[in-house]
Amino acid sequence: MNSRDARNPDHLQGKNNMTSQRINSYYNATVNSDLSFPQLEGEVRVDVAVIGGGFTGLASALELAEQGKKVALVEANRIGWGQSGRNGGQVTGSLSGDEAILRQLTRHVGEDDAEAFVWYLRWRGHDIIRERIEKYGIACDLKFGHLHTAYSPSHMRAMRATYDDMVSRGMADMVELVEAKDIGRFLDTPLYHGGIYNRKNMHLHPLNLCLGEARALASLGGHVYENSPVLEIIHGATPSIRLPKGRIVADQILLAGDVYHKLERRKLSGMIFPAAGGIVTTEPLGDLARQLNPQDVAVYDSRFVLDYYRMTADGRLLFGGGANYSGKPSRDIAAELRPCIERTFPQLRGVKIGFEWSCDMGIVINRVPQLGKLAPNVWYAQGYSGHGLATSHIVGEVMAKAIGGRMEAFDVFQRFSHIRVPMGDSMGRQLLALGMRYFLMMERFR
């Protein structure tokens, strides 16, 4: 399942204007097709209107369409314009807020059921994504294999505990505990002290997955609109959304714009905050790509602010890391990430950077995804704190079931207490930045 050949110089310079409204990223330069959708004009009547053309919106809309619902999805820019089309492309069992979820849920349902729910949140997304790719024939460079690396010897204690837990839960054939002396089987780097190799985890081209899901939605009769920003949600017995050139009337509305939208800010202010992460890709590495990463695994390390990377289909190193909580556009990303690349792979000292870009992650104070209602017929889902590729697909399933009347999983999320920063987004960013400095300081003593 390979993306279009990324070695055409004209294509890589973004001279095709089919994606001019997306950022100049590697993903944008290697989309499979010029798939585009019209701007909404006039009035549309549907069962469910979904606001947001990223993974949460697409996954929810596609699930609803498979239920037989008449669905319209609107995106202010292009499908996959935001974080969903810019991220590191890793589908892993990592879950932000897992300790908070387990702690809060245990008080309500007991430890065993709480652990089962956390396990569901870790792994259900893998199955949804894999089955969807197969069902709809989505070409998105899907590969299996991931290495969670120990950045210091002390991190291996937690790695061993995690490995033992996975084995006890039936994943013995999917995971392997890797000692420091064996890291060379996976990576040609002096940096790590062991890790966990996971065959269930995946990596892929996220923008092509977005576009594939949008195509699948349209094939089921769903209405998809781009360049259609929502100006207002009009509440009522039959709610509607107002756009520059029309409106959508629906029985139910789902707000799935994560940190990018500014709708309903009075009700959602102080709940989710942007953190800009940076990603680069190198020039194609040729045979060196296989030397550096002989088993073609995706990688992230064990730090709180971690590095993550993998090889693209055409043999580039895609490398991401860091987080900027200022709310301002990001920095010189290549200059910031180059030392990280060269520390990981000294063989790449001075390597040419082909693309650099940033993406805003929606950060929640307690790291627990936020699912809720703004009115009896207006729903929202947001806040994956940097772990959204798999989790958004689980949330899409949860939201579609809830909108269709099956509330069990949605009701579980209602048990979680979320922190609302009283002075809004600016104060929230400052608190997050302070918290990040605290965790970075503590990490030096681990």
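Residues numbered from 1 in each chain as written. Predicted model: local features only at pLDDT ≥ 70, side-chain atom pairs only at ≥ 80, totals over all residues. Heavy atoms only, no water.

> Looking at this structure, how should I read the overall build of the protein chain?
Helix and strand counts for the protein chain stand at 13 helices and 17 strands. The proportion of buried residues among the 446 residues of the protein chain is 57%. When the accessible surface of the protein chain is totalled, it reaches about 18,100 Å², and 50% of it is carbon and sulfur. (Helix = DSSP H or I, 4+ residues; strand = E, 2+ residues; numbered from the N terminus. Buried < 20%, exposed > 50% of the residue type's maximum accessible area, 1.4 Å probe, protein only. Areas by Shrake-Rupley, 256 points an atom, 1.4 Å probe, with all protein chains shown as cover.)

> Even after reading the chapter, I still don't get the packing of aromatic side chains, so can you show me in this structure?
Two aromatic rings, taken as a pair, are described by how far apart their centres are and by the angle between their planes. Inspection of the entire model under this criterion finds twelve aromatic pairs. Each ring, one from Tyr27 and one from Trp357, has its centre 5.5 Å from the other, and the planes form 65°; the classification is edge-to-face. Of this pair, Tyr27 sits in helix 2 (residues 26-29) while Trp357 sits in strand 15 (residues 353-363), placing them 330 residues apart in sequence. Exposure remark for Trp357: the relative accessible area of 3% places this residue in the buried category. (Phe/Tyr/Trp six-rings, centres within 6.5 Å; stacked < 30°, edge-to-face > 60°.)

> Got a minute to help me understand helix 7 (residues 206-219) in this structure?
An α-helical turn contains 3.6 residues, so a residue and the one three or four places further along point in the same direction. Here helix 7 is 14 residues long and its end C-alpha atoms lie 20 Å apart, about the 20 Å a rise of 1.5 Å per residue gives. Among the 14 residues of helix 7, eleven are classified as buried, and the element is accordingly described as predominantly covered. Of the residues making up helix 7, those classed as buried are Pro206, Leu207, Asn208, Leu209, Cys210, Leu211, Gly212, Glu213, Ala214, Ala216 and Leu217. Positive phi shows up at Gly221, right after helix 7, with a value of about 95°. (Expected span 1.5 Å × (residues − 1).)

> Teacher, can you tell me more about the nonpolar core here?
One broad trend across soluble globular proteins is that nonpolar side chains are buried collectively. In terms of nonpolar packing, the biggest core is built from 67 residues, with Ile79, Leu204 and Leu209 touching the most fellow members. Among the elements that take part in this core, helix 11 (residues 388-403) stands out by supplying nine residues, more than any other. Judged by nonpolar contacts, the second largest core, of 27 residues, contains Leu191, Val299, Tyr309 and Cys340. (Core = buried A, V, L, I, M, F, W, Y, C linked by side-chain atoms within 4.5 Å.)

> It is not clear to me how the side chain of Thr189 should be interpreted in this structure. Could you clarify?
In this fold, Thr189 is placed in the loop between strand 5 (175-179) and strand 6 (194-203). Assessed through its relative accessible area of 12%, Thr189 is described here as buried. A distance of 2.5 Å separates a polar atom in the side chain of Thr189 from the backbone oxygen of Thr344. When residues no more than four places from it in sequence are discounted, the contact partners of Thr189 are Ile183, Thr344 and Phe345. (Polar contact = N/O pair within 3.5 Å; in protein donor to acceptor, adjacent residues only side chain to side chain. Contact = heavy atoms within 4.5 Å.)

> What exactly am I supposed to notice about helix 3 (residues 55-66) here?
Compared with an ideal rise of 1.5 Å per residue, which puts twelve residues at 16 Å, helix 3 spans 16 Å between its outermost C-alpha atoms and is within 8% of the ideal. Most of helix 3 sits out of view: eleven of its twelve residues are buried. For helix 3, every residue scored as buried is listed here: Phe55, Thr56, Gly57, Leu58, Ala59, Ser60, Ala61, Leu62, Glu63, Leu64 and Ala65. Residue Gly68 follows helix 3 closely and has a positive phi angle near 100°.

> Honestly, unusual backbone geometry in this entry has me stumped. Any pointers?
Note: most peptide bonds trans; most residues except glycine with negative phi. In this structure, Asp141 takes a positive phi of about 55° despite not being glycine. As for its placement among the helices and strands, Asp141 is situated in the loop between helix 5 (111-136) and strand 4 (143-149). Even without glycine at this site, Asp296 takes up a positive phi of about 55°. Its location among the elements puts Asp296 in the loop between helix 9 (287-292) and strand 12 (298-301). Judged by its relative accessible area of 17%, Asp296 falls in the buried class.

> Could you clarify how one ought to interpret the packing of helix 4 (residues 98-109) against helix 5 in this entry?
Each pair of packed helices can be described by the angle between their axes along with the distance between the axes. Contact pair helix 4 / helix 5: the axes reach a minimum separation of 7 Å and the direction vectors enclose 145°. Two packed elements cross with a definite hand, and for helix 4 against helix 5 that hand is right-handed. Contact residues: Asp98, Ile101, Leu102, Leu105, Thr106 and Val109 in helix 4; Glu111, Asp113, Ala114, Glu115, Phe117, Val118, Leu121 and Arg122 in helix 5. Here the residues of the contact of helix 4 with helix 5 sort into eight nonpolar, one polar and five charged. (Axes fitted to C-alpha atoms, helices over the stretch in contact; angles between N-to-C directions. Left-handed = near helix turned anticlockwise from the far one by under 90°. Nonpolar A, V, L, I, M, F, W, Y, C, P; charged D, E, K, R; others polar.)

> Explain the pairing of strand 1 (residues 42-51) to me, please; I cannot follow it from the model alone.
Along any regular strand, the residues point their side chains to alternate faces of the sheet. Pairing analysis gives nine bridges linking strand 1 to strand 10 (residues 246-255), with the strands arranged parallel. Each residue of the ladder has a partner; that of Val44, found in strand 10, is Ile248. The pairing of strand 1 with strand 2 (residues 71-74) spans four bridges and is classified as parallel. Paired with Ala49 across the two strands is Ala72, which belongs to strand 2. Following the chain from strand 1 across helix 3 to the adjacent parallel strand 2, one finds a crossover that is right-handed. (Pairing = 2+ DSSP bridges. Right-handed = clockwise from strand over helix to strand, strands pointing away.)

> What's the story with the confidence of the model for the protein chain in this structure? I'm lost.
One rule of thumb: low pLDDT means the predicted coordinates there are not for detailed reading. Looking at the protein chain, pLDDT values average 88 and 87% of them are 70 or higher. Overall, residues 438-443 carries pLDDT values under 50, and its contacts beyond four positions in sequence, including any with other chains, amount to six contacts. (pLDDT = per-residue confidence, 0-100.)

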